[in-house]
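# A closer look at the structure
Single-letter residue listing:
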Amino acid sequence: MVVWFLLRGTIISIGEKIVYLIFFHLSFVMFVWSYWKTIFTRPANPSKEFCLPKAEKERYEKEERPESQQEILWRAASTLPLYTRTGAGAIRYCDRCQVIKPDRCHHCSACDMCVLKMDHHCPWVNNCVGFSNYKFFILFLAYSLVYCLFIAATVLQYFIKFWTNELNNTAKFHVLFLFFVAAMFCISILSLFSYHLWLVGKNRSTIEAFRAPVFRTGSDKNGFSLGFRKNIAQVFGDQKKYWLLPTFTSQGDGLTFPTRLVSADAEQATVTLHPDSNKCVPDVSVSPLSESQNRLLSNEQHANNAEDHLAENPLKSAESETITISMESES
């Protein structure tokens, strides 16, 4: 209907028609491309290293006490790069998928799988929006907004002529239909697009916006925020020339993410907890960050963050629990 309106409708100028048609088809192609990538990009899942070994899985299934099950999970997670916990401070484990959940990973009941950096399940694309297709989803919203704005702006002058009775009767229905439909979608898409741009700037997912991630030091809604520019780069990548193209350029592997609370230095602080003799909790060491994390955060910034964190949250000792901090360097 838009093409008919441009070619056979009320627009008379040939130059105006050519400009409108070029912009229309360009925005339409980008809209369809990003929509296609959002729909048919499979959500990323946790790798095999987050699955329990066969022997540990059998022990976990046979154990009836939650405390014993957690002991098994703590041992298995000691070599994994995990920084988030459950609300109770336990290891995040999916009984359905039988995997230890990486940071920012959640189980989607609609897809029946654990999705890396899950944002939400979108019924409009019939797919989970997460690490593998979040950039495509943002571009889909952007190009659909541009597409609707273009149609509404193109028809606006003829919509005004309709109310002043300067428009012929054959085009009245098309003008009314195009303008109201485009304007309606513009309003709805603009609100959703603005919200997700705000999430990208804060480096949060929709799930994390409603429920803050829990770290060893407690919940922190800004735990993954690295600053506006680095937050944008995590989703769209380092090279700005690819930002507007529906190609995967997001940083990282979806399994590990840099945080404001840990250091990227080669020497990692190992925190060993010695609780009551009646409780047995295995020691857990913090694994070094991935290469993608080191690229995002400089060593100097991490050192400053670590010092600020220790200054604000001093370790408290009690009679029933002592905390020992030792430094281990890689040989």
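Conventions and cut-offs
By convention here, each chain's residues receive numbers from 1 onward along its written sequence. Predicted model: local features are reported for residues with pLDDT of at least 70 only, side-chain atom pairs are reported and counted for 80 or more only, and whole-chain, interface and lining totals are derived from all residues. Only hydrogens and water are removed before side-chain values are computed, so all heavy atoms of the structure are retained for them. UniProt positions are given in the numbering used here, feature names are shortened, and annotations may be inferred rather than shown by experiment. Put simply, DSSP H or I for four residues or longer makes a helix, DSSP E for two residues or longer makes a strand, and each gets a number counted from the N terminus. A simple rule labels every residue: compare its accessible area, found with a 1.4 Å probe on the protein chains alone, to the largest value its type can have, and call it buried under 20%, exposed over 50%, or partly exposed in between. Here, two residues are considered to be in contact whenever any of their heavy atoms come within 4.5 Å of each other. Areas reported as accessible are Shrake-Rupley estimates using a 1.4 Å probe. Residue values count occlusion only from the protein chains shown. Being paired, for any two strands, means DSSP has found at least two bridges between them. In the sections that follow, a salt bridge refers to a side-chain nitrogen of Lys or Arg positioned within 4 Å of a carboxyl oxygen of Asp or Glu. By convention a nonpolar core is built from buried Ala, Val, Leu, Ile, Met, Phe, Trp, Tyr and Cys residues, the set being connected through side-chain atoms within 4.5 Å. Helix span, expected: 1.5 Å multiplied by one less than the number of residues in the helix. Two axes are fitted around each residue, one to the seven residues ending there and one to the seven starting there, and the angle between them is reported as the bend at that residue. Buriedness for pockets is judged along seven lines, at least five of which must meet protein on both sides within 12 Å for an open set on the 1 Å grid over protein atoms alone, while cavities are sets there where a 1.4 Å probe fits but cannot get out, and lining residues have an atom within 4 Å of a point. Grid points are joined across faces, edges and corners, and a volume is the space filled by probe spheres set on the points. Here the nonpolar group is Ala, Val, Leu, Ile, Met, Phe, Trp, Tyr, Cys and Pro; Asp, Glu, Lys and Arg are the charged ones; every other residue, Gly included, is treated as polar. Grouping into patches uses exposed residues only, defined as over 30% relative accessible area, and leaves out salt-bridged ones; the cut-off is 9 Å for like charges and 5 Å for nonpolar side chains (Val, Leu, Ile, Met, Phe, Trp, Tyr).

- The protein is annotated in an unreviewed UniProt entry as Palmitoyltransferase of Ameca splendens.
- Taken from UniProt, the Sequence similarities (unreviewed entry) comment for the protein reads in full: "Belongs to the DHHC palmitoyltransferase family."

### Re the overall build of the protein
- What the protein contains, in helices and strands, is 10 helices and 11 strands.
- The 331 residues of the protein split such that 46% are buried.
- Within the protein, counting contacts between residues at least 6 apart in sequence, those at least 24 apart form 63% of the total.
- Carbon and sulfur atoms make up 59% of the accessible area of the protein, which totals about 18500 Å².

### Comments concerning the sheet that holds strand β1 (residues 84-85)
- Strand order in this open sheet of 3 strands is β1-β8-β9, and the pairing throughout is antiparallel. One side of each edge strand has no neighbouring strand; the edge strands of this open sheet are β1 and β9 (218-219).
- In the sheet, strand β8 (residues 214-215) pairs with β9 via 2 bridges, with the strands oriented antiparallel. The residue of β9 that forms the bridge with V214 is S219.

### Points about the pattern of salt bridges
- On inspection of all chains with the given rule, the structure shows 3 salt bridges.
- Close ionic contact of E208 with R104 constitutes a salt bridge, the shortest N to O distance being 2.8 Å. Taken together, the positions of E208 in helix α7 (residues 206-210) and R104 in the loop between β3 (99-100) and β4 (106-108) put the pair 104 residues apart, joining distant regions of the chain. For the pair E208 and R104, one class covers both residues: buried.
- One salt bridge in this structure joins R260 and D220, with 2.8 Å as the shortest N-O distance. Within this pair, whereas R260 is found in the loop between α8 (228-236) and β10 (268-274), its partner D220 is found in the loop between β9 and α8, the two being separated by 40 residues in sequence.
- Judged by its relative accessible area of 33%, R260 falls in the partly exposed class.
- Look at D220 and you get buried, because its relative accessible area is 17%.

### Some words on the environment of F131
- Turning to its location among the elements, F131 is positioned in the loop between β7 (127-129) and α5 (134-163).
- Looking at F131, the relative accessible area reads 9%, which means it is buried.
- Sequence-wise, F131 and L255 are 124 residues apart; in three dimensions their C-alpha atoms are separated by 9.4 Å.

### Considerations on the UniProt feature "transmembrane region" (unreviewed entry) in the protein
- In the numbering used here, UniProt assigns the feature "transmembrane region" (unreviewed entry) to residues 18-36, 136-160 and 175-198.
- In residues 136-160, helix accounts for 100% and strand for 0%; the two terminal C-alpha atoms are 36 Å from one another.
- For residues 175-198, the end-to-end C-alpha separation is 34 Å, with 100% helix and 0% strand making up the annotated structure.

### Describing unusual backbone geometry
- One non-glycine residue, R104, adopts positive backbone phi at about 70°.
- Even without being a glycine, D112 presents a positive backbone phi close to 55°.
- The topology assignment puts D112 in the loop between β4 and β5 (113-115).

### Here's the deal with the nonpolar core
- Membership of the largest hydrophobic core comes to 25 residues, with the highest contact counts inside it found for L52, L73 and I100.
- Those elements that place two or more of their residues in this core are α4 (66-77), β2 (93-94) and β3.
- Per element, the largest residue contribution to this core is 5 residues, and it comes from α4.
- Excluding its chain neighbours within four sequence positions, the residues that come into contact with I100 are F50, L52, L73, A76, A77, L80, L82, I91, R92 and Y93.
- Listed in part, the 23 residues of the second largest apolar core include C122, F137, L141 and C148.

### A short note on α5
- Relative to the 44 Å expected for 30 residues at 1.5 Å per residue, α5 spans 42 Å between its end C-alpha atoms, a close match to the ideal helical length.
- If you look at α5, its biggest bend is around 40°, right at L156.
- Among the 30 residues in α5, 22 count as buried, and that is most of the element.
- Positioned one or two residues after α5, N165 has a phi angle of 60°, which is positive.

### A few points about the layout of surface pockets
- A volume near 540 Å³ is recorded for the second largest pocket.
- Lining the second largest pocket we find 20 residues, and of these F140, S144, C148, F185 and I189 sit closest to its centre.
- Looking at the lining of the second largest pocket, the elements that each hand over two or more residues are α2 (14-40), β6 (120-122), α5 and α6 (172-202).
- Here the residues of the lining of the second largest pocket sort into 17 nonpolar, 3 polar and no charged.

### What about a nonpolar patch on the surface?
- Residues I14, I18 and I22 make up a contiguous nonpolar surface patch of about 320 Å² in total accessible area.
- Its location among the elements puts I14 in helix α2.
- The class for I14 is exposed, based on a relative accessible area of 57%.

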